[in-house]
Every structure is written in structure tokens, then in C-alpha cells.
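An overview of the molecular structure
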Amino acid sequence: MGWTAPPASPQCPACKTSVFPAESFMAADRKPFHKKCVKCKTCSKVLTSATLNEHLTQLYCKACYDNIFMPQKPGGDEYGGIVTPEDLKRKEEEERKRLEKAKRAKSERRLLSDLCRGLNPSIGCVLPQGMLEMRGVWQRTGC
């Protein structure tokens, strides 16, 4: 029986050097890191197994992980995900359409309000109390 070399020691994902059992720290996915390499990628805070968050072999503390991967809207506890430029454009378009719709509704209400007060004599009828609003839509009850 010939001599075979011992298996190669695993590589630390942070510094890409060999990790030996005496100096290893197991992360969430059982990948060994050096004890000195277990720190937040963003703020360099030393991490423990209780404060460790991992994303694609990069280590983060809880606060940095939440800021990067779970942005929240003010006053809400919903997951926002990673925001892309397409998402921003879509939200801006939705907001623009919502504002246009509100502006149109306001101008229609103003026109109907003028009709109701009799301020538009070109229509030919005066409705002092002849308008009725039902579910956000103005209805004529009589001329």
C-alpha cells in the first residue's frame, strides 16, 4: 500500500487561505472561517454565532444585514427586497398616474360643484341642491 497525501484543508471564504481545525469557526452553512475573519463585511464588528448573518459567503451583523437586504418603508414592517432601478421607475410611474387621477377627480368635483351652485350658466340649469354624491361619483337628482 502506497502513501497518500492527507486531504487538503478547507479554504476560508473571507481570506481564501487554509483553515485548520484548531482555528476554525463554523458559519451558518457549515463553512469554516478563521476566528479572526468572522467580522461584519460592512462595519467590521466582530461576530458570534448569535449575531452572524450570511449572504453569499459574506458575513454581516444583524443591523447591517437588515439595512442592506431588508429595507423597510417608514412605519411598516414589510419586506421590501432589493430595490432595482426598474422598481424605482415603476413606482415613480405609479405615483405619477395616481397624482394625475387625483387631479382629474378634483377638477371634475370642482366643475360639478360649480354646476351645483349655479356658477356655470352656460349649462342652462341651476341646481342649488340638485347634486348628490354617491361612492365618490356626483349624480344629478333633478334640473
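Residues numbered from 1 in each chain as written. Predicted model: local features only at pLDDT ≥ 70, side-chain atom pairs only at ≥ 80, totals over all residues. Heavy atoms only, no water.

**Points about the overall build of the chain**
The following threshold applies: We count a stretch as a helix when DSSP gives it H or I for four or more residues in a row; a strand needs E for two or more, and each element gets its number in order from the N terminus. The rule is simple: take the accessible area with a 1.4 Å probe, protein chains only, and divide by the maximum for that residue type; under 20% is buried, over 50% is exposed, in between is partly exposed. Here a residue-residue contact requires only that any non-hydrogen atoms of the pair lie within 4.5 Å. Accessible surface area values rest on a Shrake-Rupley calculation with a 1.4 Å probe, where residue burial reflects the displayed protein chains alone.
Helices and strands together make up the secondary structure of the chain, namely two helices and six strands. Tracing the chain from N to C terminus, the helices and strands come up as β-β-β-β-α-α-β-β. Expressed as a percentage of the 143 residues in the chain, the buried residues total 21%. The contacts of the chain with a sequence gap of at least 6 include a subset with a gap of at least 24, amounting to 12%. With the model as given, the accessible surface of the chain reaches about 11400 Å², and the carbon-plus-sulfur share is 57%.

**Here's the deal with the pattern of salt bridges**
Inclusion rule: Any Lys or Arg side-chain nitrogen located within 4 Å of an Asp or Glu carboxyl oxygen qualifies as a salt bridge.
On inspection of all chains with the given rule, the structure shows six salt bridges. In this structure, R98 engages E95 in a salt bridge whose closest nitrogen and oxygen atoms are separated by 2.5 Å. With a gap of three residues between them, R98 and E95 both fall in helix α2 (residues 85-117), about one helical turn apart. Accessibility expressed as a relative area gives 47% for R98, which makes it partly exposed. Its relative accessible area of 36% is what places E95 among the partly exposed residues.

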